[in-house]
Amino acid sequence: MTTTTTTDPGATDPTGETMERTTAQAPGTARPTAPQASDAERLRRWRMVLGADSADSTGCTLTGQDAAMDGALNALYGGGAGKKPGGGRGAGGRSAGLGASAPSVARWLGDIRTYFPSSVVQVMQRDAIDRLGLAALLLEPEMLEAVEADVHLVGTLLSLNKAMPETTKETARAVVRKVVEDLEKRLESRTRATLTGALDRSARISRPRHRDIDWNRTIRANLKNYLPVPGPAGAGGVGGTEGRGTIVPERLIGYGRASRSAKKDVVLCIDQSGSMAASVVYASVFGAVLASMRTLSTRLVVFDTAVADLTDQLDDPVDVLFGTQLGGGTDINRALAYCQSKITRPADTVVVLISDLYEGGIRDEMLKRVAAMKASGVQFVTLLALSDEGAPAYDHEHAAALGALGAPAFACTPDLFPDVMAAAIEKRPLPIPDKEPQQ
C-alpha cells in the first residue's frame, strides 16, 4: 500500500494555513477522486457559516477546535443576536448571548483570541458591544484587561467616561494609552518628516546668506536675465561668441533658516459627536505630534453644542481624549466663531475642520465664517472623517456649499493626513482621494 499526500489549495485550518490531506492507496487501486474530499470541506465550511441550526441540512458534525470556534461564533451571531446579555434561548431557534456575568464574557474574550487573528477579534468585540449590549461590562476593570484594544474600543470607552466608576478609570486610561502609543509609533515619524519639508519649502527667503541659497529655484527665477559672454577675437560663433553666457541673479531665493518662532499656525477643530469617535482619537494623536514641532503653533478645539479648547493638554493625547465628551448635538458655527477669534496671522494659518457637517447651528453664518477666513488668507480644510473606515455619512448639502467656497470636503485616512497638511502649508492643491466624496 502506498500513501499519497495532496494539498487542497482551497482548504484551510482555523488558523488560515493550507491543509494537506493524506490518503491511503492500495497497489493497483484507483486513486480517490478529489471532489469527494473537497465536497466534505465545502460542507464543513457551510456548516461553520450557517451555524448549529443548519447541522441537519449539511449533514456535517463539528468536533474539536471546529466545535469550539462554532460555539464562540454562536454566542455572538446566533439567531437571538441583538438581545442583551443574559437573554434566554428562544423556542426552536439559535440563541445568542454571553450571559450577564463578567466571568462568562471574559472566557468568551479569551476563546476568540485563541481561535481568531487580532483583526477578527477586534471586529467581533465591536459586534458584541453593539449586538449584545456589553458596553456596561466595559466599566469593570477585569473586562478592560481582557479585551483587544483598538481605536473603536477607545471611542466606546470615551463615550462611557461619565458613567465610569473611579475603580475603572485607571484601567481605562491604561487601555487608551496603549492604543495612543501604538498610533504615535505608526504616524509620528512620517508626519514630522513630511511637514518639516513642507515648512522649509514654504519659508523661502529673498535675501539669503550664500550658504542658504536655493540655486535651482534661483536659476529658474532669473533665466530672463541670461547674457551671452563674448569669446576671444576670431573665435567661432557669430559676433565673436562661443555660445556661452551667464545668468545675472537679480533675485536670490533661499531656504528658510531654522527658527524657534512658529512659521505656521494650525487649528484643529474637531466635531465630538458620537459618530466621530475614531476621528477624535486620530485627531488627538496628530494634534500632539503637531504640537511637538516648534515650527508649528497648534491649537486643538473640540465641540458639540459647546466649545472646549484643549490646547493646554496637547502634551498628552490621553488627557485630550478624556477631555472630550463624545455624543450630543453639533454647532459648527459656534466652533468656527471661536477658532476665527484666535487667528492672528491669517496668511500663515491652516484651519482643519473635522466633522460630518450635520450642523445644528446657523448654517448661513457657518458658511459666511468660512468665506471670511478664506478671504483673509486662511487655508481651510474640511475632513468628513479622519479614520481608516470607508466613506462616511455626511451632510451632502453643506459639503457642496463648502466646496463652492473653495474648501473641498472629503474623508481622509490617517496615512494621507500628513500629505494633506503639507499641501495646505505650501498652499498647493489638496491630494483628494479619487474615490472619496468631493464637493
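Let me begin by describing the structure that accompanies this report. As the structure is a prediction and not an experimental result, all values here were calculated from the model. (Residues numbered from 1 in each chain as written. Predicted model: local features only at pLDDT ≥ 70, side-chain atom pairs only at ≥ 80, totals over all residues. Heavy atoms only, no water.)

Before going further, it helps to examine the overall build of the chain. The number of helices and strands found in the chain is 15 helices and 10 strands. Sequence-distant contacts in the chain: of pairs separated by 6 or more residues, those separated by 24 or more amount to 69%. Of the roughly 21600 Å² of accessible surface on the chain, 52% is carried by carbon and sulfur atoms. (Helix = DSSP H or I, 4+ residues; strand = E, 2+ residues; numbered from the N terminus. Contact = heavy atoms within 4.5 Å. Areas by Shrake-Rupley, 256 points an atom, 1.4 Å probe, with all protein chains shown as cover.)

Before going further, it helps to examine the packing of helix α13 (residues 363-375) against helix α14 (residues 396-404). One way to put it is that α13 packs onto α14 with a least axis distance of 10 Å and a crossing angle of 30°. In terms of their interaxial angle, α13 and α14 are classed as roughly parallel. As α13 runs across α14, the sense of the crossing is right-handed. In contact with Arg363, Met366, Leu367 and Val370 of α13, α14 contributes Glu397, His398, Ala401 and Leu402. (Axes fitted to C-alpha atoms, helices over the stretch in contact; angles between N-to-C directions. Parallel < 35°, antiparallel > 145°, perpendicular 65-115°, else oblique. Left-handed = near helix turned anticlockwise from the far one by under 90°.)

Before going further, it helps to examine the side chain of aspartate 395. Here aspartate 395 shows up in the loop between β9 (379-386) and α14. Despite its burial, aspartate 395 remains without a salt bridge, the nearest opposite charge being carried by arginine 363 at 6.3 Å. Polar side-chain contacts of aspartate 395 include one of 3.1 Å to the backbone nitrogen of glutamate 397. Here the side chain of aspartate 395 touches histidine 398 through a polar contact of 2.9 Å, landing on its backbone nitrogen. When residues no more than four places from it in sequence are discounted, the contact partners of aspartate 395 are Asp356, Leu357 and Tyr358. (Buried < 20%, exposed > 50% of the residue type's maximum accessible area, 1.4 Å probe, protein only. Lys, Arg positive; Asp, Glu negative; His and termini not counted. Salt bridge = Lys/Arg side-chain N within 4 Å of Asp/Glu carboxyl O. Polar contact = N/O pair within 3.5 Å; in protein donor to acceptor, adjacent residues only side chain to side chain.)

Here we come to the packing of aromatic side chains. Under the counting rule described, the total for this entry stands at one aromatic pair. An angle of 40° between the planes, with centres 4.5 Å apart, marks the rings of phenylalanine 286 and phenylalanine 417 as tilted. Here phenylalanine 286, found in helix α10 (residues 277-291), pairs with phenylalanine 417, found in helix α15 (residues 417-426); they are 131 residues apart in sequence, far enough to count as distant. Neither phenylalanine 286 nor phenylalanine 417 differs from the other in exposure class; each is buried. (Phe/Tyr/Trp six-rings, centres within 6.5 Å; stacked < 30°, edge-to-face > 60°.)

Scanning the entire structure with this criterion turns up 15 salt bridges. In this structure, the salt-bridge partner of lysine 264 is aspartate 348, at a minimum N-O distance of 3.5 Å. In this pair, lysine 264 sits in strand β5 (residues 264-271) while aspartate 348 sits in the loop between α12 (332-341) and β8 (349-354), placing the two residues 84 residues apart along the sequence. The partner of arginine 334 in a salt bridge is aspartate 331, and the shortest N-O contact between them spans 4.0 Å.

On to a positive patch on the surface, then. Taken together, the side chains of Arg217, Arg220, Lys224 and Arg251 define a basic patch exposed on the protein surface. With respect to the secondary-structure elements, arginine 217 resides in helix α9 (residues 215-221). (Patch = residues over 30% accessible without salt bridge, like charges linked within 9 Å, V, L, I, M, F, W, Y side chains within 5 Å. Charge placed at Lys NZ, Arg CZ, Asp CG, Glu CD.)

Another point: the layout of surface pockets. By volume, the largest pocket is sized at about 430 Å³. Contributing to the lining of the largest pocket are 23 residues, with His152, Ser275, Ala277, Ala278 and Glu389 lying nearest its centre. Those elements that place two or more of their residues in the lining of the largest pocket are α5 (118-132), α7 (151-159), α10 and β9. Sorting elements by how many residues they give to the lining of the largest pocket places α7 first, with five residues. Split by residue class, the lining of the largest pocket holds 10 nonpolar, nine polar and four charged. (1 Å grid on protein atoms, 1.4 Å probe; cavity = no way out; pocket = protein on both sides within 12 Å on 5 of 7 lines; lining within 4 Å. Points joined across faces, edges and corners; volume = space filled by probe spheres on them. Nonpolar A, V, L, I, M, F, W, Y, C, P; charged D, E, K, R; others polar.)

Across its 15 residues, α10 extends 21 Å between first and last C-alpha, which sits within 8% of the 21 Å expected from 1.5 Å per residue. With 14 of its 15 residues buried, α10 lies for the most part within the structure. (Expected span 1.5 Å × (residues − 1).)

With that out of the way, let us pick up the environment of valine 420. Here valine 420 lies in helix α15. When the C-alpha atoms of valine 420 and leucine 430 are compared, they prove to be 5.8 Å apart, with 10 residues separating the residues in sequence. If near-sequence neighbours (up to four positions away) are discounted, valine 420 is found in contact with Val381, Phe410, Cys412, Leu430 and Pro431.

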